[in-house]
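An overview of the molecular structure
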Amino acid sequence: MATVTSVLMFLTVTAYLSAAQLPHPHVGEETLRAAGRCVAAVATRFWRPRSSVILLTDGSTSPSTVFTELGCLGAPWGVTVFQVPAEVISSNLTESRMAQVVTHARQVRQVSWLVMVVVVSDDPTFLAASAEWAIKGHLLLWANRLLAITRRPLSDLRHLHTSFSMMNAMLLILDASSRCEMYVHLPYSARDEQPLQVATWSTHHGLALNTRLPLYPDKFSRFVEAPQLVVAAEEFQPHVIVQTRTSALSFLGPMAEALHLLARSLNFTYTFLRPPDGSWGVKLPDGSWTGMVGMVGRKEADIGLGPFAVTSVRAEMVDFTYPILVDYGRILARRGRPEVDPWSFLLPFTPEVWVGTLAVLLLVLSTVAVMQRCSARMTAPRDRWLGDTLFTYSRVLLQQDARGCSRLWWERLVLGGWMLLMLVLTRSYSGTLTSILAVRYVPEPFQTLRALLDSPRVTLVWEANTMYVQYFRSVDSGIFREVMDSEKAGRIKYVKSTEYTYMRDHLVRQGKHVFLGEDLSSKVLMAQDFSNTGACDFYTSRDKFLPFMFAMIGQKESPLVPALSQRIQTMTEAGLYWHWLENMIPNSTSCVRAASKIFVESPLQIPNLWGVFVVLAGGHIVALLGFGSELLTAPLH
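Here is what the cut-offs are and how they apply
- Every chain is numbered on its own, with residues counted from 1 as its sequence reads.
- The predicted nature of this model means local features are confined to residues of pLDDT at least 70 and side-chain atom pairs, given and counted, to a pLDDT of 80 or more, with totals for whole chains, interfaces and linings taken over all residues.
- Hydrogens and waters are ignored; side-chain quantities use all the structure's heavy atoms.
- Strands are runs of DSSP state E lasting at least 2 residues, helices are runs of H or I lasting at least 4, and numbering of each runs from the N terminus.
- Burial status follows relative accessibility: with a 1.4 Å probe on protein chains alone, a residue under 20% of its type maximum counts as buried, one over 50% as exposed, and anything between as partly exposed.
- Pairs of residues are marked as contacts when any of their non-hydrogen atoms sit within 4.5 Å.
- Per-residue and other accessible areas follow the Shrake-Rupley method at a 1.4 Å probe size, with only the shown protein chains counted as cover for residues.
- In this description, a line fitted to the C-alpha atoms serves as the axis of each element, helices being fitted only across the stretch in contact, and the angle between N-to-C directions of two axes falls anywhere from 0 to 180 degrees.
- Throughout this description, any angle smaller than 35 degrees is read as roughly parallel, any larger than 145 degrees as roughly antiparallel, any in the 65 to 115 degree range as roughly perpendicular, and the remainder as oblique.
- We call a crossing left-handed when the near helix sits turned anticlockwise from the far one by less than a right angle, and right-handed when that turn is clockwise.
- Side-chain classes are defined by residue name, with Ala, Val, Leu, Ile, Met, Phe, Trp, Tyr, Cys and Pro counting as nonpolar, Asp, Glu, Lys and Arg as charged, and the others, Gly among them, as polar.
- Two residue types count as positive, namely Lys and Arg, and two as negative, namely Asp and Glu; His and chain ends fall outside the count.
- A side-chain nitrogen of Lys or Arg and a carboxyl oxygen of Asp or Glu constitute a salt bridge if their distance falls within 4 Å.
- Here a polar contact is taken to be a pair of N or O atoms separated by no more than 3.5 Å, where protein atoms must pair a possible hydrogen donor with a possible acceptor and residues adjacent in sequence count only if both atoms sit in side chains.
- If DSSP finds at least two bridges between two strands, the strands pair.
- Residues are said to line a cavity or pocket when one of their atoms sits within 4 Å of a point; the points come from a 1 Å grid over protein atoms alone, cavities being sets where a 1.4 Å probe fits but cannot get out and pockets being open sets with protein on both sides within 12 Å along at least five of seven lines.
- Grid points are joined across faces, edges and corners, and a volume is the space filled by probe spheres set on the points.
- Only the six-membered ring of Trp is used, alongside the rings of Phe and Tyr, when aromatic pairs are assigned; centres must lie within 6.5 Å, and planes under 30 degrees apart are stacked while those over 60 apart are edge-to-face, with the rest tilted.
- We call a charge positioned over a ring when the NZ of a Lys or the CZ of an Arg lies within 6 Å of the ring centre and within 35 degrees of the ring normal.
- To define a nonpolar core, start from buried Ala, Val, Leu, Ile, Met, Phe, Trp, Tyr and Cys residues and group those joined through side-chain atoms within 4.5 Å.
- Two joining distances apply to patches: 9 Å for like charges and 5 Å for nonpolar side chains (Val, Leu, Ile, Met, Phe, Trp, Tyr), and every residue must have over 30% relative accessible area and no salt bridge.

To continue, consider the overall build of the protein chain. From N to C terminus, the protein chain includes 20 helices and 22 strands. When the 637 residues of the protein chain are sorted by exposure, 46% land in the buried category. Once local pairs closer than 6 in sequence are excluded, the contacts in the protein chain between residues at least 24 apart make up 74%. By element, 59% of the accessible surface of the protein chain is carried by carbon and sulfur atoms, the whole surface being about 32200 Å².

Laid out in structure tokens, this is it:
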């Protein structure tokens, strides 16, 4: 069955790609034939159910050799052969033909549990192109393996170092005696460094390992030799704090602790590299990238410390690790000065109090009306009784007297109960009013983005070149479109993360600027100010916007990212990161929910009570208008 599959796939793909050119004549034994038993010894160590082989040749291997040697591999799901002549590799058709090969090969990989890609060629250019397209076309997942077979010496294959070191690949070199030597390129090693020889094969001794490592070592589970990686980093409180000591830079904070833990676990050292523009990175209209995202995407750095907000736009340039935390945006503004509310005497009269009082009044009037109907004797004419009763009980509600001694005993009893109830209510109100007049209110007006946009005198401060800026510059509608319009109106100011302290003390503290950034950054700024001054001069909004997951970043398609993700997941699930974070923010909760009402001891003055006099004057004016209307309408009656 495997042989039939091999024949069909070979004829179909070869006719489609290369018009079935005849193989080139060779002097001596063909490379694949000479290495056949060695390849079989390697392959048998990795077969699993539904495993298959993808063979890629440059046209120098004859069909008979393919059928003879690969038929002996015993691949459970057979062998698929792709032939791309060397003439195609050196021509302008390289891109399209290799893209077609990778597309078909990826279809084979998708139906196989395990794939071994075998590349056979003595042409260094063909080997390099095959490795490049295996990466570019997402052909090789880490569980799959690449085996490149050639007779070329190592000195002619130095250009394979970059691609082979970042793949689960092994180089098999044949010598004149058909002895095979297998090499693995270690990641992040120097280009001129000799690859690691892991095994040899010979006719007499078979396959022999030269090190403690297996044939295809997981090079990124833990580095064999500790490489030095370049880490792009910038200050981002509370996650990363930069300290300058003489001419040396020191990076502290939870992310620095996490990086140190990852370095020990993966066995690498690192150096820091700050972005020239001090930003995280956004995509410019011309397609280029700024900040640390651009540095990692252009392979100027191996890792971006961050943490970076996970966005689809950034995913075009870099790969994200497992998320470290979730954060969202808030508004940081200056708290107002304590103020007196002249209408504070109305605060006890909540809607519940009004509803309850009116409900009791209606209940009392209903009770009196029922009992009046059942009474044999009326104390007043029926057409006047309802008005007199309502007027009497309303006078008691307003703390006025109630006259009339001709009422029945049950009327006096109900009226006395109503007077007692109003006495308790007014006594409770007078005690509450005394406390309320001692209250000062701290204004916190900017709780939403809408409140900010409706205040044209306030300037919005954003961190430059962040995902927030990238987002509101790309939207076409909604409130963030209005934020972008406010930028055109000159109401937005940009700062760097290293300028946060200056921004808080010289911009936001003046009251004409507000900062919009991550919730944790705002908490740090408030906590630091509280530690310095002992006062809560700032507040954060109740409204939250644009939640983002935050993670580290790595180069596109880099196997280092999954290795980091595995350890970051363990670290976050153990709670280590939040433990480091809490230790880095002293007084973090001191001003998070600072009271917006404070109590003072001061004598009552007109500013405290002018609202009461307004109500009193309004009542007198209404009374005068009523009295005047009575005088005008009296002659008509």
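This part covers the packing of helix H8 (residues 254-266) against helix H19 (residues 576-584). Axis separation between H8 and H19 bottoms out at 9 Å; the angle between their running directions is 140°. If you check the angle between H8 and H19, you find them oblique. The crossing of H8 and H19 is right-handed. Two secondary-structure elements touch here, H8 through Pro254, Met255, Glu257, Ala258 and Leu261 and H19 through Leu576, Tyr577, Trp580, Leu581 and Met584. Of the residues contributing to the contact of H8 with H19, the split by class is nine nonpolar, no polar and one charged.

With respect to the helices and strands, the residue serine 565 is situated in helix H18 (residues 560-573). Serine 565 sits 14 residues away from alanine 551 along the chain, and the two C-alpha atoms are 9.2 Å apart. Serine 565 has contacts with Phe320, Thr321 and Tyr322, leaving out every residue within four places of it along the chain.

For the rest of this paragraph, the subject is the side chain of aspartate 302. Examined against the element boundaries, aspartate 302 turns out to sit in the loop between helix H9 (291-297) and strand E13 (303-309). Among buried charged residues, aspartate 302 stands out as having no salt bridge; its nearest opposite-charge side chain is lysine 299, 9.0 Å away. Within the structure, aspartate 302 has its side chain in polar contact with the side chain of glutamine 555 (distance 3.5 Å). Excluding anything up to four places from it in sequence, aspartate 302 contacts Tyr188, Leu229, Val230, Val296, Ile553, Gly554 and Gln555.

A full pass over the atoms with the stated rule returns 16 salt bridges. A salt bridge links glutamate 181 to arginine 179; the shortest N-O distance between them is 2.7 Å. We note a salt bridge from arginine 509 to aspartate 505, for which the minimum N-O separation is 3.3 Å. Its relative accessible area of 24% is what places aspartate 505 among the partly exposed residues. It is possible to trace a salt-bridge network through shared partners that takes in Arg504, Asp505, Arg509, Asp529 and Asp537.

Once that is clear, we can look at unusual backbone geometry. Cis geometry is found at the peptide bond from glutamine 237 to proline 238, where omega equals 5°. Considering the arrangement of structural elements, one finds proline 238 in the loop between strand E9 (228-232) and strand E10 (241-245). Following glycine 306, the chain continues to proline 307 via a peptide bond in cis, the omega torsion being 5°. Here proline 307 is to be found in strand E13. If you check the backbone angles, asparagine 465 has positive phi at about 55° while not being a glycine. Within the secondary structure layout, asparagine 465 lies in the loop between strand E17 (459-463) and helix H14 (467-472).

Turning our eyes to something else, we now look at the pairing of strand E1 (residues 51-57). Among the seven residues that make up E1, seven are buried, leaving the element largely enclosed by the rest of the structure. Burial along E1 is two-sided: Ser51, Val53, Leu55 and Thr57 facing one way and Ser52, Ile54 and Leu56 facing the other are all buried. Summarising the sheet, E1 and strand E3 (residues 114-120) pair through seven bridges and their orientation is parallel. Considered in E3, the bridge of leucine 56 is made with valine 119. Note: E1 against strand E2 (residues 79-83), five bridges, orientation parallel. Across the sheet, the residue bridging to leucine 56 is phenylalanine 82, located in E2.

Here the structure, examined in full by the defined rule, presents four cavities of 30 Å³ or more. Here the largest cavity defines a volume of roughly 90 Å³. As for the largest cavity, its lining consists of 14 residues, of which Leu56, Val101, Val102, Ser130 and Leu139 are closest to the centre. Counting only elements with at least two residues in the lining of the largest cavity, the list comes to E1, helix H5 (94-110), E3 and helix H6 (124-136). It is H5 that contributes the most residues to the lining of the largest cavity, four residues altogether. Broken down by class, the residue content of the lining of the largest cavity amounts to 13 nonpolar, one polar and no charged. What lines the second largest cavity is Phe236, Trp280, Pro307, Phe308, Ala309, Arg314, Glu463, Thr466, Met467, Glu518 and Phe550. Counting residues per element, the lining of the second largest cavity draws most heavily on E13, which supplies three residues. In terms of residue class, the lining of the second largest cavity is built from seven nonpolar, one polar and three charged.

Attention now moves to the packing of aromatic side chains. This structure, assessed with the given rule, holds 17 aromatic pairs. Measuring from ring centre to ring centre gives 6.3 Å for tryptophan 462 and phenylalanine 545, while their planes differ by 65°; the resulting arrangement is edge-to-face. Here phenylalanine 545 lies in strand E21 (residues 545-554) and tryptophan 462 lies in strand E17, a separation of 83 residues in the sequence. Here the two residues tryptophan 462 and phenylalanine 545 agree in accessibility, since each one is buried. Residue placement shows lysine 544 over the ring face of tyrosine 328; its charged tip is 4.5 Å from the ring centre.

Another point: the packing of helix H2 (residues 31-43) against helix H3 (residues 63-70). The interhelical angle for the contact between H2 and H3, taken along N-to-C directions, is 0°, at an axis separation of 10 Å. Between H2 and H3, the crossing angle belongs to the class labelled roughly parallel. Across the interface between the two elements, Leu32, Arg33, Gly36 and Arg37 of H2 pack against Ser64, Thr65, Val66, Thr68 and Glu69 of H3.

With that settled, the discussion passes to the nonpolar core. Generally speaking, soluble globular proteins have nonpolar side chains that are buried together. If you look at the biggest cluster of nonpolar residues, it comprises 59 residues, and the most contacted ones within it are Trp462, Leu516 and Phe545. Residue contributions to this core peak at six residues, all from H8. Membership of the second largest hydrophobic core comes to 35 residues, among which are Val53, Val79, Met182 and Trp201.

A cluster of nonpolar side chains, contributed by Leu420, Leu423 and Val424, occupies part of the molecular surface with about 280 Å² of accessible area. Along the chain, valine 424 falls in helix H12 (residues 409-436).

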